Amino acid sequence: IGELQALIEGDPSINGTQPGRRNNGTRLRVVPATVTYLSLEIRIQVAPGGDPPTVRALVKSAVVDFLASLAPGQRLVLSDLTARLVKVPYLFSHRIVTPSDDYQPESSRHRLATTPDMVDVQ
């Protein structure tokens, strides 16, 4: 955040090489996005030869990583999450129970996130 703020403000002492992007007489402040935490419930079937606890942990990790990759204001599209989950080794099939539909953050200033504890994989 500090780096973005410095880029916007610029530095006039460096011979015009970093002029900044803010207009004179205006103020612009960079702030982190407000996080909206989601709970997810996913039913899985483990492929033969797979270790169920390991596959559950990999699914949780994949969901957390996927939501962390979403930009502020970007909606959770369940088909995109499904595309990520099919790459989990030994995951034979899955069904996303909750949320039942795509999820849009409250505004462009909110970003979606979750934690492993908030992802129920059964």
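Sequence order as written defines the numbering, with residues in each chain counted from 1. Side-chain atom pairs in this predicted model are given and counted only at pLDDT of 80 or more, local residue features only at pLDDT of at least 70, and totals for whole chains, interfaces and linings cover all residues. Side-chain figures throughout are based on the complete set of non-hydrogen atoms in the structure, without hydrogens or water.

Engineer: Quick one: what's the story with unusual backbone geometry, residue by residue and with numbers?
Structural biologist: A cis amide bond, omega 0°, links Thr98 with the succeeding residue Pro99. Each helix is a run of DSSP H or I of at least 4 residues and each strand a run of E of at least 2, with the numbering of both proceeding from the N terminus. By secondary structure assignment, the location of Pro99 is in the loop between strand E3 (91-98) and strand E4 (110-113). At Tyr90, a residue that is not glycine, the phi angle is positive and equals roughly 65°. Within the secondary structure, Tyr90 sits in the loop between helix H3 (78-85) and E3. Note on classification: 1.4 Å probe, protein chains only; a residue is buried when its accessible area is under 20% of the maximum for its type, exposed when over 50%, partly exposed between these limits. Under the relative-accessibility criterion, Tyr90 is labelled partly exposed at 48%.

Engineer: Describe the sheet that holds strand E5 (residues 119-121), with residues and values.
Structural biologist: Two modes of strand pairing occur in sheets, parallel and antiparallel, and in both the strands are linked by backbone hydrogen bonds. A pair of strands is considered paired only if DSSP assigns at least 2 bridges between the two. Taking strand neighbours across the sheet as the criterion, the 3 strands line up as E3-E2-E5 in an open arrangement whose pairing is mixed. The open sheet is flanked by E3 and E5, the only strands paired with a single partner. Strand-to-strand twist in this sheet, taken as the mean axis angle between neighbours without regard to direction, amounts to 25°. Two strands pair when backbone bridges link them, and strand E2 (residues 40-46) and E5 are joined in this way by 3 bridges, in the parallel orientation. Bridging across to E5, Glu41 finds its partner in Asp120. Along the sheet face, helix H2 (residues 52-68) touches E2, E3 and E5 and points at about 140° away from the line of E2. The criterion used for residue contact is that any of the two residues' heavy atoms lie within 4.5 Å. Angles run from 0 to 180 degrees between N-to-C directions of axes, and those axes are lines fitted to C-alpha atoms, restricted for helices to the stretch in contact. Where H3 meets the sheet, it contacts E2 and E3, and its direction lies at approximately 155° from that of E3.

Engineer: Account for the pattern of salt bridges, naming residues and giving values.
Structural biologist: Whenever a carboxyl oxygen of Asp or Glu lies within 4 Å of a side-chain nitrogen of Lys or Arg, that contact is scored as a salt bridge. Per the counting criterion, the structure on display carries 1 salt bridge. Put simply, Glu41 and Arg43 hold a salt bridge, and the shortest N to O gap is 2.8 Å. In this structure Arg43 comes out as partly exposed when scored by relative accessible area, which is 30%.

Engineer: Go over the environment of Leu81 with me, naming the residues and quoting the values.
Structural biologist: Within the secondary structure layout, Leu81 lies in helix H3. In this structure the C-alpha to C-alpha distance between Leu81 and Val63, which are 18 residues apart in sequence, comes to 7.3 Å. Sequence-distant contacts of Leu81, that is, excluding residues within four places in its chain, are made with Leu40, Val63, Phe66, Leu76 and Ile96.

Engineer: Can you tell me about the side chain of Thr114, naming the residues and giving the values?
Structural biologist: Looking at the secondary structure, you find Thr114 in the loop between E4 and E5. A polar contact is formed between the side chain of Thr114 and the backbone oxygen of Leu38, at a distance of 2.7 Å. Apart from the residues lying within four places of it in its own chain, the contact partners of Thr114 are Tyr37, Leu38, Leu40, Val63, Val64, Leu67 and Val119. Whenever two N or O atoms come within 3.5 Å, that pair is a polar contact, provided that in protein one can donate a hydrogen and the other can accept it, and provided that, for residues adjacent in sequence, both atoms are side-chain atoms.

Engineer: So what's going on with the packing of H2 against H3? Which residues, and what values?
Structural biologist: Orientation of H2 relative to H3, taken along the N-to-C sense of each, is 135°, at an axis distance of 10 Å. The angle between the axes of H2 and H3 places the two elements in the oblique class. Helix-helix and strand crossings are classified by hand; for H2 and H3 the assignment is right-handed. Taking contact as the criterion, the partners of Val59, Ala62, Val63 and Phe66 in H2 are, on H3, Asp80, Leu81, Arg84 and Leu85. What sets the label is the angle itself: under 35 degrees gives roughly parallel, over 145 gives roughly antiparallel, 65 to 115 gives roughly perpendicular, and the rest give oblique. Handedness of each helix crossing follows the sense of rotation of the near helix against the far helix: counterclockwise by less than a right angle gives left-handed, clockwise gives right-handed.

Any link to function would need more than the numbers given here.
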